[in-house]
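Chain by chain, the residues run as shown.
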Amino acid sequence: MKVLMSSSYGFCGGVRAAVRKALEAAARANVLGLPCYVSGSLVHSSAVSAMLSAAGIKQIDGPDGNPPGIVVIRTHGIGDGLRKAFMDNGFIIEDATCPVLLRNAELLRSSSNPILIGDSRHSEIIGLAGCRDVPVIGCADDLCRLSPGIDYEAVIQTTLSAVTLESILAEAGRVGISIRCLNSICQASADRREALVQLALEADAIAVVGDSASANSRELAELAKRLGKPSFLISSPESVPSALLEYDTIGLTAGASAPDELIAAVKRRIENNDR
Ligand code: SF4
């Protein structure tokens, strides 16, 4: 059996910087004798959450019930109200929001008729919706919340499936709702998808290292299926499915929140065929 690595996979710049900032915040909190927190999940990866927990960083949803300390803002960002609540309660903010999402929050704030297109339960959309109260469109049915005659400007969830976005925009065109997209899916996500298209040409099956909670990892696994390849989303070496090991050439990629060590461990497990 042969394992082919994708030419683009794993931690993006935003996630790598966020993990570094969180570990630096933990070290600083330790020196100052303060607790260190992260607001929600820093990224959608149980491996990263375990690493942060081992460094003494506690995950919290808000300031209530927690003594002030250093709070790291998660990669997907938080709303202005929650940020203010942390500051009003004496927390020191270490902002690990990805620059791509800071840009999208600015686009949202400065638009005249903004909407969000994405999954209203995803932390990225929750964070953006907390910066400005706007309609969130998650599927074509949600277009009933918009009115014809208004030129809407859409900020789009960076990890939204291209299929979902296309179906929403096509339906908007059909019912006469004008939507201009302000941003595109982030470059790191686009690079991983383009590399997967190439990888799928050479591989019999695709393994994506990433959590099921990670939208960009799920999107990679779904893209592999749309390209006609069996695909497997793998969150740990222990969860490598035996069905994957039946293939001769396995293409290996990973979502933007999968740490290098985890990817290497999954690769070893596949190559050793160690069930
Ligand atoms: S995948 Fe894109 S938007 Fe998400 S953290 Fe990475 S660079 Fe930022």
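Here the structure is a predicted model, which is why all the values come from computation and not from measurement.

Our next topic: the site of the ligand. The environment of the ligand is made up of 14 residues, and the closest members are Cys12, Gly14, Cys98, Cys186 and Ala256. If you list the elements that add at least two residues to the shell around the ligand, you get helix H1 (13–32), helix H4 (99–110) and helix H7 (187–202). For the shell around the ligand, the leading source of residues is H1, giving 3 residues. Here the residues of the shell around the ligand sort into 8 nonpolar, 6 polar and no charged.

Within the span of helix H3 (residues 80–88), buried status applies to Leu82, Arg83 and Phe86. Within H3, the buried residues cover an arc of 105 degrees as seen down the axis, which keeps them to one side. Relative to its buried face, H3 has exposed residues pointing more than 90 degrees away, namely Gly81, Lys84 and Asp88. In this fold, the buried residues of H3 make contact with strand E2 (36–39), strand E4 (70–73) and strand E5 (92–95). A positive backbone phi angle near 85 degrees is found at Gly90, which sits one or two residues after H3.

With that settled, consider the domain arrangement of the protein chain. The domain architecture assigned to the protein chain consists of domain 1 (2–11 + 187–272), domain 2 (13–98) and domain 3 (100–181). Taking only C-alpha atoms into account, the centre of domain 1 sits 29 Å from that of domain 3. Looking at the side of domain 1 that touches domain 3 element by element, the count peaks at 4 residues for helix H8 (residues 215–226). When its residues are assigned to classes, the side of domain 1 that touches domain 3 shows 1 nonpolar, 2 polar and 2 charged.

Read across the open sheet, the 4 strands follow the order E3-E2-E4-E5; overall the sheet is parallel. Looking at strand neighbours, the two that pair on one side only are strand E3 (57–60) and E5, the edges of this open sheet. With direction set aside, neighbouring strand axes in the sheet form an average angle of 30 degrees. Two elements, E2 and E3, share 4 bridges in a ladder whose sense is parallel. Across the sheet, the residue bridging to Tyr37 is Lys58, located in E3. In this fold H1 packs onto E2, E3, E4 and E5, with an angle of close to 175 degrees to the strand it touches most, E4.

With that settled, consider the packing of H7 against H8. Following both chains from N to C, one finds H7 and H8 inclined at 25 degrees, their axes separated by 10 Å at the closest point. With respect to H8, the element H7 is oriented roughly parallel. At the point where H7 passes H8, the crossing takes the right-handed sense. Contact with H7, carried on its side by Ser189, Arg192, Arg193, Leu196 and Ala200, involves Asn216, Leu220, Leu223 and Ala224 of H8 and no other residues of that element. Here the contact of H7 with H8 is built from residues that sort into 5 nonpolar, 2 polar and 2 charged.

Reading the values: rules and limits
Residues numbered from 1 in each chain as written. Predicted model: local features only at pLDDT ≥ 70, side-chain atom pairs only at ≥ 80, totals over all residues. Near = placed C-beta within 6 Å. Helix = DSSP H or I, 4+ residues; strand = E, 2+ residues; numbered from the N terminus. Nonpolar A, V, L, I, M, F, W, Y, C, P; charged D, E, K, R; others polar. Buried ≥ 20, exposed ≤ 12 C-beta atoms within 10 Å, placed from the backbone. Arc of directions from axis to C-beta. Contact = placed C-beta atoms within 7 Å. Domains from an automatic or database assignment. Pairing = 2+ DSSP bridges. Axes fitted to C-alpha atoms, helices over the stretch in contact; angles between N-to-C directions. Parallel < 35°, antiparallel > 145°, perpendicular 65-115°, else oblique. Left-handed = near helix turned anticlockwise from the far one by under 90°.

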